Amino acid sequence: MRRYGSLLIFLVLVALAAAGGIGFRPDAWYAALNKPSWNPPSWLFSPVWTTLYVLIAIAGWRVWCASGAGDIRRLALALWIGQWIGNALWSWLFFGLHQPVWAMIDIAAMLVLVLAFIAVTWRFERVAAWLFLPYALWLAFAASLNGAIVQLNR
C-alpha cells in the first residue's frame, strides 16, 4: 500500500506542473500568431497532454520504486525533476510571457532531459524508459511547432 502512496505523490507532482499551464492558455496574442499549416487543432492538446502526464508520473514512480540501481537511479530522478521543472515553465514562457524563443530553449532542454532519462532508465527500469518514449516524440513535434512559430513570426 505504501508503494501506491508514492504513485499518488508522483501524480500530484505532475498535476502541479500541468496546473501551471492552466493559468497560461492560448489568448488573443496566440490567435494572432502565424502558425504552420500542420499546426494541430486546439482540441488535440488536452487529451494528448493528459495521457502524457499520466505516463510521466508512472515513469517517475517506477524509477522511485526501483531497487538496487544506486547512483544511476538518483541520476534518473534528477533528470525526471529537471524535465518536470521545464514542463511547468513552458506554458508560462510561451503563453504567459509571450516569449516563444525562450519557450523554444526550454522545450529543447526538456527534450534533452527526456532523452537522457530514457537512456539512463533503459539500464535498470525499461518500462519507465518506454513510458517516456511517447513524451519524447511529442516533445520533438512540439519543439518543431514552437520553432516554426518563432520563424513565422520574426
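Residues numbered from 1 in each chain as written. Predicted model: local features only at pLDDT ≥ 70, side-chain atom pairs only at ≥ 80, totals over all residues. Heavy atoms only, no water.

A count of helices and strands for the protein gives 6 helices and 0 strands. Against the compact-globule benchmark of 15 Å for 154 residues, the protein has a radius of gyration of 16 Å, which places it among compact chains. Projected onto its principal axes, the C-alpha coordinates of the protein cover approximately 50 × 25 × 20 Å. When the 154 residues of the protein are sorted by exposure, 42% land in the buried category. Partitioning the intrachain contacts of the protein with sequence separation of at least 6 by distance along the chain shows that 79% fall at a separation of at least 24. Element-wise, carbon and sulfur atoms account for 70% of the exposed surface of the protein, whose accessible area totals about 8,500 Å². (Helix = DSSP H or I, 4+ residues; strand = E, 2+ residues; numbered from the N terminus. Rg over C-alpha atoms; globule rule 2.2 N^0.38 Å. Buried < 20%, exposed > 50% of the residue type's maximum accessible area, 1.4 Å probe, protein only. Contact = heavy atoms within 4.5 Å. Areas by Shrake-Rupley, 256 points an atom, 1.4 Å probe, with all protein chains shown as cover.)

Our next topic: helix 6 (residues 126-152). With 27 residues, helix 6 should cover 39 Å at 1.5 Å per step; its first-to-last C-alpha distance of 39 Å lies within 8% of that length. Of all the bends in helix 6, the greatest reaches close to 30° and is centred on Leu-133; the proline Pro-134 follows between one and four positions later. (Expected span 1.5 Å × (residues − 1). Bend = angle between axes of the 7 residues up to and from the residue.)

Turning our eyes to something else, we now look at the packing of aromatic side chains. Per the stated rule, a full pass over the model turns up 16 aromatic pairs. Centroid distance Tyr-30 to Phe-95: 5.3 Å. Interplanar angle 70°. Geometry classified as edge-to-face. Note that Tyr-30 is positioned in helix 2 (residues 28-32) and Phe-95 in helix 4 (residues 70-96), a separation of 65 residues in sequence. Each member of the pair, Tyr-30 as well as Phe-95, carries the same accessibility label: buried. Judged by centre distance (4.1 Å) and plane angle (35°), the rings of Phe-117 and Phe-132 are tilted. Taken together, the positions of Phe-117 in helix 5 (residues 100-121) and Phe-132 in helix 6 put the pair 15 residues apart, joining distant regions of the chain. Relative accessible area serves as the criterion here: at 0%, Phe-117 is assigned to the buried category. Taken together, the ring pairs connect Trp-29, Tyr-30, Trp-90, Phe-94 and Phe-95 into an aromatic cluster. Over the face of the ring belonging to Tyr-30 we find Lys-35, whose NZ or CZ atom lies 4.5 Å from the ring centre. Residue placement shows Arg-73 over the ring face of Trp-64; its charged tip is 5.5 Å from the ring centre. (Phe/Tyr/Trp six-rings, centres within 6.5 Å; stacked < 30°, edge-to-face > 60°. Lys NZ or Arg CZ within 6 Å of the ring centre and 35° of its normal.)

Now for the environment of Phe-132. Phe-132 gets classed as buried once you look at its relative accessible area, which sits at 0%. Each C-alpha atom, one on Phe-132 and one on Tyr-53, is 10 Å from the other, the two residues being 79 residues apart in sequence. Apart from the residues lying within four places of it in its own chain, the contact partners of Phe-132 are Ile-56, Ala-59, Trp-80, Gln-83, Val-114, Phe-117 and Ile-118.

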